[in-house]
Amino acid sequence: MPEDLNWAIGGEAGDGIDSTGKIFAQALSRAGRHVFTSKDFASRIRGGYTAYKIRTSVDRVESVVDRLDILIALTQRTVEENMSELHEGSVIIYDGERTTMKDFEAPEGMIGLNVPLRRLAEEAGGAIMQNIVALGAACEVSEFPIENLDESLEKRFGAKGGSIVENNSKAARKGQEYVRENYDLDLDYELETTDEDYVLLNGDEAIGMGAIAAGCRFYAGYPITPATNVMEYMTGRVEQFGGAVIQAEDELSAINMALGAARAGARAMTATSGPGIDLMTETFGLIATSETPLVITNVMRSGPSTGMPTKQEQGDLNQMLYGGHGEIPRFVVAPTSISECFHKTVEAFNLAEKYQTPVYLAADLALAVSEQTFPPEEFDMDAVEIDRGKVVDDETVGDWVNDKQQFKPHALTEDGVSPRAFPGTKGGAHMSTGLEHDELGRRTEDTDMRVKQVDKRNRKVQTAIENEDWSPREFGDADSENLVISWGSNEGAMREAMEFLEEDDVSVRFLSVPYIFPRPDLTEEIAKADEVIVVECNATGQFANLIEHDALTRVKRVNKYNGVRFKADELANEIKAALDEPVEATA
């Protein structure tokens, strides 16, 4: 396991928790340390418990663990919320001059550092900088060179003026000096720095970056947690490439705007979460029957209804697979890591245009709000390949006309994919409606044509199954008799859980599946294993049900649906417990 440090700051929403954590995470990443962050926040503007956690190591980290070494507690509740993760020797930094913390005493075995955060911040220029004072104190505790904070402070506050940056830097040093002068600490923490310079980003940002790299030039969306950051990332960036971001009045408008842009020839995308997908479902049918290539990102959260909008869940799988009236061919692609959010977004755009079929890009809150470090070469823009599919131009459009020289945008083809003419293509005029249509796009109720068009649209999926690589990502011992299968954001926790399991001499073969439909046929892999466990964040085991349907065998399930993502050590224990359980008999 990597030699890691686990740090957190907690308080109430509106206390600047997120920005403080981001500053520290950026400082660590720019100092050549790997970082993985997680956030716990309530669905309110101000008030309610919120926390930002960082796990850092010089080795790659891909998950959070059930351990907290340094905690900056702005409220008493922060300590209570994290008590299960604190351990003997954990350091708790708090402001005993704060009314709510004046009676606080560190739990037995832990080290409480009473630092007058507010008073020191005022001495540096303003009470608002009390969190930065706490960061300076944390630097002293962890022996992290405080100079690394300066670049992050410049990035965060540079636009507000040099004096603001200078005051924050001064505030950090006041926190550092106070701890150094008032406490004789003998701790083992010493955060090593390296010459690496990592990129720090979350899943929403990776999706936005992937969309721009893939040539997406139109985005329409309506703000909704946890998908809003996709729009925020693209705003101001896609315009540099001639694109546009539109904040629509609701999700209905957003998807219809994106549909219009895609019909006009632009690569287009919208992003939302479960309740937004509900509203978009009617248009989803129009997208499919008009054979319009469109990427729809669903960043899942706890439902149903408004549920727990700032909490983790993977409960929309059936909605994306089966939602909509009639029979709608579609693809469902589910990135399994933050970096895969970039790569799978590129792939989603290519699939949409190659097969003129809507693509759901299924992310979740754990991917969206967690940040991770990557070497810059992970996102090689020169390696991005764009495939716009069966597009005809002025010279080739003539290959797809009838005897009256009318273009056939819904031509019946062997592979199910019809020619596509962008607006402006000479002779490529065409129309499509939500009504069933013939090859020219004209409405029809002809029974033979109805069957041919339905079969043609479904044939595209079969063509894609045969021509594309739908393989899972594989990790661990390929010869192990224990097979774990998962999808979405659970990959990182599972990969690190395997290291805990290895310490207990438990070998595992792990298949992380990024394609929900079409998906890989795992029948052979399941048949080879003595034990098969499916891991996912929902109550009913929606993906496990699919696996059982495909392989015609029962699997064991590890499900979590309390709104919190899997932690690596927790998941390792769940896997061990599942291996000891008898499997339910096949019905």
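The following paragraphs examine the structure supplied in this document. (Residues numbered from 1 in each chain as written. Predicted model: local features only at pLDDT ≥ 70, side-chain atom pairs only at ≥ 80, totals over all residues. Heavy atoms only, no water.)

**Observations regarding the environment of Glu414**
Relative to the helices and strands, Glu414 is located in the loop between strand S15 (391-392) and strand S16 (420-421). A relative accessible area of 75% places Glu414 in the exposed class. Sequence separation between Glu414 and Arg459 is 45 residues, and the spatial gap between their C-alpha atoms is 8.1 Å. (Helix = DSSP H or I, 4+ residues; strand = E, 2+ residues; numbered from the N terminus. Buried < 20%, exposed > 50% of the residue type's maximum accessible area, 1.4 Å probe, protein only.)

**Observations concerning the sheet that holds strand S20 (residues 515-517)**
Spatial ordering of the open sheet is given by S9-S8-S10-S11-S13-S12-S20, a layout of seven strands whose pairing is mixed. The open sheet is flanked by strand S9 (244-247) and S20, the only strands paired with a single partner. With strand direction ignored, the average angle separating the axes of adjacent strands in the sheet is 20°. Sheet analysis places strand S12 (residues 331-333) next to S20, joined by two bridges and oriented antiparallel. Within S20, the position partnered with Val333 by the bridge is Tyr515. Contacting strand S10 (267-272), strand S11 (295-300) and strand S13 (359-364), helix H10 (residues 274-289) crosses the sheet at an angle of about 160° to S11. (Pairing = 2+ DSSP bridges. Axes fitted to C-alpha atoms, helices over the stretch in contact; angles between N-to-C directions. Contact = heavy atoms within 4.5 Å.)

**Topic: the environment of Asp569**
As for its position among the elements, Asp569 is in helix H18 (residues 568-580). In this structure Asp569 comes out as buried when scored by relative accessible area, which is 17%. Along the backbone, Asp569 and Tyr322 are 247 residues apart, and their C-alpha atoms lie at a distance of 34 Å. What Asp569 contacts, discounting residues up to four positions off in sequence, is Val65, Asp66 and Phe500.

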